[in-house]
Amino acid sequence: MIQKLQIRTRGPGLTEITENVSQILDAAGLSEGLCSLLVQHTSASLTIQENADPSAKRDLERWLDRLVPEGDPLYTHTLEGADDMPSHIKAALTATTLSIPFQDGRLCLGTWQGVYLWEHRRRGSRREVVVHLG
Amino acid sequence: MIQKLQIRTRGPGLTEITENVSQILDAAGLSEGLCSLLVQHTSASLTIQENADPSAKRDLERWLDRLVPEGDPLYTHTLEGADDMPSHIKAALTATTLSIPFQDGRLCLGTWQGVYLWEHRRRGSRREVVVHLG
Amino acid sequence: MIQKLQIRTRGPGLTEITENVSQILDAAGLSEGLCSLLVQHTSASLTIQENADPSAKRDLERWLDRLVPEGDPLYTHTLEGADDMPSHIKAALTATTLSIPFQDGRLCLGTWQGVYLWEHRRRGSRREVVVHLG
């Protein structure tokens, strides 16, 4: 079964989507299987990260920002804005697809794990995540 | 169903394989499911990236090259050539497996997304990608 | 089918788990399908890497350590130890989930590929990997 999630982001950073994915899983009524996610963009990505302390997410964002800064003279792909090429690189270094097993109707995530959409563009956007349950 | 793609690369960089994967999907005649890819090498990788402007792919390649240069005195694994250890690192930082949902017989990629084999060796090679449809 | 692997690590670095996953596959008696792995932690990750020369694994570990060092003044998330925030970043840069096709009851890995659990914490830990066969 395939569903689509629409996530509105307001700027760079991690937006937790664990609940959104879990709701799709609940509605499907499936007990056991694999939940696969694909973000349909090249300037946003997916990650599974700590869902407890917000400082971990902030540091992660700031660290990646420093590794892949705007205004790097290396970039020639600049027509779509100063944050566009860094966004593609950040997406390449993180994940575009994830596959999460589920059991008893629940995602098999660890205690401290959350599923996140990682927005890399400054202005944010409406992001689409394809969810496949099988 | 499992099939294998053979991709000939001529040197470092991104080779689009979206069409190759789509042809396997067409031939299989399946409507909906999950298409999983595994590149069977540790000096090449997979990525989903922008398929519009070639400058984005070039910048991506040059950026990763600068982050993981040849000749780094840190490397002790140098017997297979100066580009071997950087290739393993680049592969570890990107993806070896991808899972892409498909619907109505088509990969659920975003408008600007293409699937790429990322060659990291200087001389290129014959690369094998396992495609699982389920 | 879902099973869980418990892997004891003694410190940072790559622990090969190819055999552990293969044993689960053997016991399941399935011929063809997709084997999906999820590591249930945010300070350890998964990777498919060269299983031949141990120097490649050591260089990989040292390279990532240099890219994401402890004690970076950027970190504010420091309560859980100096190696905690670097661990989260390293996990984000590598893989939390992998999907490996199997055929004739064997993982479709390349000749030189092994599946690894990548421990990022200094003290090591008991790590759990969820294995889904479908």
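The preceding data block contains the structure.
Bear in mind that the values here come from a model prediction, so they are computed numbers and not experimental data. (Residues numbered from 1 in each chain as written. Chains lettered and ligands numbered in written order. Predicted model: local features only at pLDDT ≥ 70, side-chain atom pairs only at ≥ 80, totals over all residues. Heavy atoms only, no water.)

Chemist: Sorry if this is basic, but what is going on with the environment of A:His132 here?
Modeler: Assignment of secondary structure puts A:His132 in strand E8 (residues 126–133). The buried category is assigned to A:His132, whose relative accessible area is 7%. The spatial distance from the C-alpha of A:His132 to the C-alpha of A:Gly33 is 10 Å, given a sequence separation of 99 residues. Ignoring sequence-local partners within four residues, the contact set of A:His132 consists of A:Met1, A:Ile2, A:Leu34, A:Cys35, A:Ser36, B:Gly33, B:Leu34 and B:Pro101. (Helix = DSSP H or I, 4+ residues; strand = E, 2+ residues; numbered from the N terminus. Buried < 20%, exposed > 50% of the residue type's maximum accessible area, 1.4 Å probe, protein only. Contact = heavy atoms within 4.5 Å.)

Chemist: How do you make sense of empty space enclosed by the protein when you look at a structure like this?
Modeler: To find the voids left in a structure, one rolls a probe of water-molecule size over its atoms. On inspection of all chains with the given rule, the structure shows two cavities of 30 Å³ or more. Of the pockets and cavities examined, the largest cavity occupies roughly 390 Å³. What lines the largest cavity is a set of 37 residues, among which A:Thr94, A:Ala95, B:Ala95, B:Thr97 and C:Ala95 lie closest to the centre. The biggest single contributor to the lining of the largest cavity is strand E4 (residues 44–50) of chain B, with four residues. Of the residues that constitute the lining of the largest cavity, the class distribution is 21 nonpolar, 16 polar and no charged. Looking at the second largest cavity, its volume works out to about 30 Å³. (1 Å grid on protein atoms, 1.4 Å probe; cavity = no way out; pocket = protein on both sides within 12 Å on 5 of 7 lines; lining within 4 Å. Points joined across faces, edges and corners; volume = space filled by probe spheres on them. Nonpolar A, V, L, I, M, F, W, Y, C, P; charged D, E, K, R; others polar.)

Chemist: Before we go on, may I ask you to explain the relation of the copies chain B and chain A in this structure?
Modeler: Relating one copy of the chain to the other requires a rotation about an axis plus a shift along that axis. Aligned on chain A, chain B shows an RMSD of 0.0 Å; the corresponding rotation is 120 degrees and the shift along the axis is 0.0 Å. What we have between these two chains is a three-fold relation. Judged by C-alpha distance, B:Leu93 is the residue of chain B that lies nearest the rotation axis, at 3.3 Å. Interface residue correspondence from chain B to chain A reaches only 13%, placing this contact among heterologous pairings that use different surfaces. (Least-squares fit on C-alpha atoms with pLDDT ≥ 70 in both.)

Chemist: I keep staring at the state of the cysteines and nothing clicks. Help me out?
Modeler: Note on terminology: disulfide describes a covalent bond linking the sulfur atoms of two cysteines. All names here are of chain A. Evaluation of the coordinates by the stated rule reveals zero disulfides over all chains. Summary of cysteine pairing: cysteine 35 is not part of a disulfide, and the nearest cysteine sulfur, belonging to cysteine 108, is at 10 Å. Judged by relative accessible area, cysteine 35 falls into the buried class, the value being 0%. (Disulfide = S-S within 2.5 Å.)

Chemist: Any chance you could explain the interface of chain B and chain A here in plain terms?
Modeler: By a widespread convention, an interface's size corresponds to the accessible area lost as its parts come together. At the junction of the two partners, chain B supplies 31 residues and chain A supplies 29 residues. Summing the contributions of chain B and of chain A, the shared interface buries around 2,400 Å²; its carbon and sulfur component is 60%. Residue A:Asp72 is joined to B:Arg66 by a salt bridge in which the shortest nitrogen-to-oxygen separation is 2.5 Å. At the level of elements, strand E3 (33–39), E4, helix H2 (54–67), strand E5 (97–103) and strand E7 (113–119) of chain B are the ones that each hand at least two residues to the side of chain B that touches chain A. Considering each element in turn, the side of chain B that touches chain A owes the most residues, nine residues, to H2(B). (Buried area = accessible area lost by both parts, 1.4 Å probe. Salt bridge = Lys/Arg side-chain N within 4 Å of Asp/Glu carboxyl O.)

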